[in-house]
Amino acid sequence: MVDDQVPVHRLSFSDGPKSDGRTQLLPRPVALSLFTLVVNEDAGVRDLSLDQVRRIHAGEITNWSQVKGSDLPIQLVSRNPGSGTRTTLQKQVLDGRPLLATTANDCNSLDARKPGRCEVGGTPTLLDTVASTPGALGHSEVGAATARHDVRLVRIDGYPATLEGADEGAYPYWETEIAYTYGEPPADSIAAGFLRYLANEVGKDVIRSKGHRPCAELDKPLLCRPSGP
């Protein structure tokens with residue numbers, strides 16, 4: 001999240017609402033963003049129930065064979081604290097439950113013989129780690145994950161990461177992407193110009209091309225949530 005002392009012309013983006021106590025930060029919902037679970041190809045799993053996802057992250061399911069996959073220990077690869085995909089995973093998918101303690105400071109040192117968990121700093125690193133770690137399960141923005149051919153996206157209760165699934169209330173892993181400014185940016189500033197660009201047709205096309213839904217095209221753009229079943 002941006003600092004309250006950032007000059008007025010600065011612009012920052014966050015998955016979800018700001019924390020309390022930052023009254024000078026003005027939010028502008030930009031897009032409804034989709035996230036997805038991603039799994040190593042060798043896991044042998046492409047679909048998990050919401051209950052299974054929660055039990056895996058609680059350490060109750062520790063081998064993919066327990067959910068009709070390969071006989072491999074489950075290695076959880078997570079983003080560092082503060083990540084939007086991680087925060088949304090805990091809030092929207094895991095019902096607020098905390099993640100398990102890490103078992104390795106470096107994902108390269110995970111013990112392949114038993115389940116574990118490690119953390120990485122960015123989405124590209126997470127996807128690289130999931131692709132190279134047998135039994136790995138991680139989380140990612142949909143656009144970044146679908147651009148890869150060495151990881152598999154996981155459906156939740158049979159639903160892939162689609163806006164239609166979110167609208168039906170069936171796909172839970174989504175969040176509102178919000179742009180923040182420190183106070184109202186001047187109308188002739190780059191920040192204000194970029195916000196106008198995101199709301200015009202070209203900007204909305206760019207947002208759609210990444211698999212997201214522009215808030216500007218919704219009936220309630222300031223709310224920017226799935227339309228519901």
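Definitions and cut-offs
Counting from 1, residues in each chain are numbered in the order their sequence is written. At least 70 in pLDDT is required for a residue's local features to be given in this predicted model, at least 80 for side-chain atom pairs to be given and counted, and no such filter applies to totals for whole chains, interfaces and linings, which use all residues. Each side-chain value is derived from all of the structure's non-hydrogen atoms; neither hydrogens nor water enter the calculation. By convention in this document, the label disulfide applies to cysteine sulfur atom pairs within 2.5 Å. Under the scheme used here, helices are H or I runs from DSSP no shorter than 4 residues and strands are E runs no shorter than 2 residues, and both carry numbers assigned from the N terminus. For the exposure calls, accessible area comes from a 1.4 Å probe over protein chains only, and a residue counts as buried if that area is under 20% of its type's maximum, exposed if over 50%, partly exposed in between. This arc is taken over the directions from the axis of the helix to the C-beta atoms. The contact definition used throughout considers only heavy atoms, calling two residues in contact when any of these lie within 4.5 Å. To pair, rings of Phe, Tyr and Trp, with the six-membered ring standing in for Trp, must have centres within 6.5 Å; the planes then decide the type, stacked if under 30 degrees apart, edge-to-face if over 60, and tilted in the middle. Pairing of N or O atoms within 3.5 Å defines a polar contact, subject to two protein rules: one partner must be a possible hydrogen donor and the other a possible acceptor, and residues neighboring in sequence count only if both atoms are side-chain atoms.

A. Structural context of the state of the cysteines. One pass over the structure, following the stated rule, counts two disulfides. The disulfide bridge from Cys107 ends at Cys118, spanning 2.0 Å between sulfur atoms. Between Cys107 and Cys118, the S-S torsion sits near 100°, and that sign places the bridge as right-handed. A residue pair is termed long-range when its members are at least 10 positions apart, and Cys107 in the loop between helix H2 (84-93) and strand S5 (116-120) and Cys118 in strand S5 qualify at 11 residues. Take Cys107 and Cys118: they sit in the same class, and that class is buried. Between the sulfur atoms of Cys215 and its disulfide partner Cys224 the distance amounts to 2.0 Å. Since a negative S-S torsion denotes a left-handed disulfide, the Cys215-Cys224 link at about -80° is left-handed. Exposure remark for Cys215: the relative accessible area of 1% places this residue in the buried category. When the bonded cysteines of the protein chain are numbered from the N-terminus onward, they pair as 1-2, 3-4.

B. Looking closely at helix H1 (residues 50-57). Listed in full, the buried residues belonging to H1 are Val53, Ile56 and His57. Across the axial projection of H1, the buried residues extend over an arc of 90°, all falling on one side. Contacts made by the buried residues of H1 are with strand S2 (25-40), strand S3 (47-48), strand S4 (75-79), H2 and strand S6 (136-141). Phi turns positive, to about 80°, at Gly59, one or two residues after H1.

C. Molecular detail of the packing of aromatic side chains. Evaluation of the coordinates by the stated rule reveals three aromatic pairs. Geometrically, the ring pair formed by Phe13 and Phe194 is edge-to-face, given 6.3 Å between the ring centres and 90° between the ring planes. Placement of the pair is Phe13 in strand S1 (residues 11-15) and Phe194 in helix H6 (residues 190-199), with a sequence separation of 181 residues. Phe13 gets classed as partly exposed once you look at its relative accessible area, which sits at 36%. Residue class for Phe194 comes out partly exposed when judged on its relative accessible area of 34%. By way of ring pairs, the aromatic residues Phe13, Phe194 and Tyr197 are connected into one cluster.

D. Quick look at the environment of Asp47. Checked against the element boundaries, Asp47 lands in strand S3. Using a relative accessible area of 31% as the deciding quantity, one classes Asp47 as partly exposed. Asp47 has contacts with Gln52, Val154, Arg155, Asp157 and Gly158, leaving out every residue within four places of it along the chain. Within the structure, Asp47 has its side chain in polar contact with the side chain of Arg155 (distance 3.3 Å). Among the polar contacts made by the side chain of Asp47, one reaches the main-chain amide nitrogen of Gly158 at a distance of 3.2 Å.

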